[in-house]
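Chains, contacts and geometry: an overview
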Amino acid sequence: MPLRPRWTGVLALTAIVWLITLGCGAAQAATNAEFSTTTNAIGSAFVAAHNAGQDGGNVSELVATLNVALNLLQRAQAENATNPAQAAADLQNATSMAAGVTAASASAAQAGNAARQVTVETSIGGASAIVIAAVLIYLLGDRIFRRLWIFVYRNFVVRPSG
Amino acid sequence: MDRETAATALALVALVAVFVALEPIIPTNQAGFSELGILGPNMIIGGYPTSITQGGVVKLYCYVGNHEGAVAYYQVLVKLGNGATQVSNTTSANAPEIRSYSFVLADNRSSTFPVTLTMNATGTNLRLIFELWAYNVSTSEFSYAGLWDQLIINVTGGP
């Protein structure tokens, strides 16, 4: 059914208002405060990732995500004058990514601490086992060797060489 | 082999084995360091531009290496100085910053990235100074890492 002229006019007016609103929003360049928020979020995320790394966590994915966030921040700085809407979107994405890194750092640190604990326990356990084995060999080595020798050669018959 | 020799050999073997077992948890006391290098347009040490016209583009590559023992957040600042600009391993250059590059590097990793600079100022023996700054987790600020490189270039007026 064809639209009546009145409805066509209303729709056109709505579209114009929507475009103007969108245009006004796009014309607003990202502010220094918005850039500072993203920069601070990335800084905090880096500190969290750094601490997770110090705890022995695997931070390679966190580093990759932080670099993507930094690229978005630098792109936003470059395009803020020409494409402010895209700059604002990039800043928002970068801040979200930084927040994600901060959140993921906690679990990375936890995994690192657990892995480190296992390494410590394995190392100390291994060293203790080596010391105990050495002491046992020193104290009982002769006796064990002789018993083993007799066990291995139990069926041998000794004949006089003459 | 007499008993004393055997006991000594056993003790030595046990000592080495204990050291090997404990090696992963023995803390190392190595001083960390970073690396900064500027490469020419062909990604080699050489072929650096020496002269360019105003508005021309200088294409270089920057190499940064992280051996600090931890993940590091670096910033390479490119400054435009002249013969009077003071820069050292302790003091950064007091010159206008024309470009900056920020990135995070994992331990024992390096990054080589392109640097493209448009030269708008003219002059002879201008110094493109590259400084490495690192994010300090204690102060939450970038601080000068004490590493810098420079490229001396003449920028002549356009045609």
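Residues numbered from 1 in each chain as written. Chains lettered and ligands numbered in written order. Predicted model: local features only at pLDDT ≥ 70, side-chain atom pairs only at ≥ 80, totals over all residues.

1. A few points about the overall build of chain A
Within chain A, the regular secondary structure consists of four helices and zero strands. In sequence order, the secondary structure elements of chain A are arranged as α-α-α-α. In chain A, which comprises 162 residues, the share counted as buried stands at 20%. Long-range contacts, defined as pairs at least 24 residues apart, comprise 77% of the intrachain contacts of chain A with a sequence gap of at least 6. (Helix = DSSP H or I, 4+ residues; strand = E, 2+ residues; numbered from the N terminus. Buried ≥ 20, exposed ≤ 12 C-beta atoms within 10 Å, placed from the backbone. Contact = placed C-beta atoms within 7 Å.)

2. Some remarks on the packing of helix H3 (residues 60-79) of chain A against helix H4 (residues 84-152) of chain A
All names here are of chain A. Contact geometry of H3 with H4 gives a least axis separation of 8 Å together with a crossing angle of 160°. Relative to H4, the element H3 is oriented roughly antiparallel. Like other packed secondary-structure pairs, H3 and H4 cross with a definite hand, here left-handed. Of the residues that constitute the contact of H3 with H4, the class distribution is 15 nonpolar, five polar and three charged. (Axes fitted to C-alpha atoms, helices over the stretch in contact; angles between N-to-C directions. Parallel < 35°, antiparallel > 145°, perpendicular 65-115°, else oblique. Left-handed = near helix turned anticlockwise from the far one by under 90°. Nonpolar A, V, L, I, M, F, W, Y, C, P; charged D, E, K, R; others polar.)

3. Some details on the sheet that holds strand S2 (residues 51-53) of chain B
Residue and element names in this part refer to chain B. Reading across from one edge, S2-S8-S7-S4-S5 is the order of the five strands in this open sheet, with mixed pairing throughout. Taken across any chain shown, the strands that pair with only one partner, and hence form the sheet edges, are S2 and strand S5 (97-105). Shown here is a sheet whose adjacent strand axes are inclined to one another by a mean of 30°, direction ignored. In this sheet, strand S8 (residues 141-156) lies alongside strand S7 (residues 123-136) in antiparallel orientation, the contact comprising 12 bridges. Across the sheet, Gly123 pairs through a bridge with Val155, a residue of S8. (Pairing = 2+ DSSP bridges.)

4. Describing the interface of chain B and chain A
Counting residues at the interface gives 19 residues for chain B, matched by 24 residues for chain A. Contributing elements (two or more residues each) for the side of chain B that touches chain A: helix H1 (3-22) and S5 of chain B. In the side of chain B that touches chain A, the residues fall into 17 nonpolar, two polar and no charged.

5. Things to note about the nonpolar core
Judged by nonpolar contacts, the single largest core of 52 residues is most densely connected at Ile42(A), Ala45(A), Ala49(A), Leu66(A), Ala69(A) and Tyr74(B). Among residues more than four places away in sequence, those in contact with Leu66(A) are Ile42(A), Ala45(A), Phe46(A), Ala49(A), Val101(A) and Val104(B). (Core = buried A, V, L, I, M, F, W, Y, C linked by C-beta atoms within 7 Å.)

6. So, helix H2 (residues 32-54) of chain A
Count 3.6 residues to each turn of an α-helix, and residues three or four apart come out pointing the same way. With 23 residues, H2(A) ought to run about 33 Å at 1.5 Å a step, and its terminal C-alpha atoms sit 33 Å apart, in line with that. Where H2(A) is concerned, the buried positions are Thr38(A), Ala41(A), Ile42(A), Ala45(A), Phe46(A), Ala48(A), Ala49(A), His50(A), Ala52(A) and Gly53(A). Where the residues of H2(A) are buried, they touch H3 and H4 of chain A together with strand S4 (72-81), S5 and S7 of chain B. Immediately downstream of H2(A), the backbone of Gly56(A) shows phi near 90°, a positive value. (Expected span 1.5 Å × (residues − 1).)

7. A look at the confidence of the model for chain A
Residue and element names in this part refer to chain A. Summary statistics for chain A give a mean pLDDT of 85 and a share of 83% for residues scoring 70 or more. Taking the mean pLDDT of every element in chain A, the minimum, 52, falls on helix H1 (residues 5-27) and the maximum, 95, on H3. Across residues 17-26, where pLDDT falls below 50, the model places three contacts with residues more than four positions away in sequence or in other chains. (pLDDT = per-residue confidence, 0-100.)

8. Things to note about the sheet that holds strand S3 (residues 57-67) of chain B
Residue and element names in this part refer to chain B. A sheet is described by the order of its strands in space; here three strands give the open sequence S1-S3-S6, paired in antiparallel fashion. At either end of the open sheet lies a strand with only one pairing partner, and these are strand S1 (33-39) and strand S6 (109-118). Pairs of neighbouring strands in the sheet enclose a mean axial angle of 20°, with direction left out of account. Judged from the 10 bridges that link them, S3 and S6 form a sheet pairing that is antiparallel. Following the sheet pairing, Lys59 is matched in S6 by Thr116.

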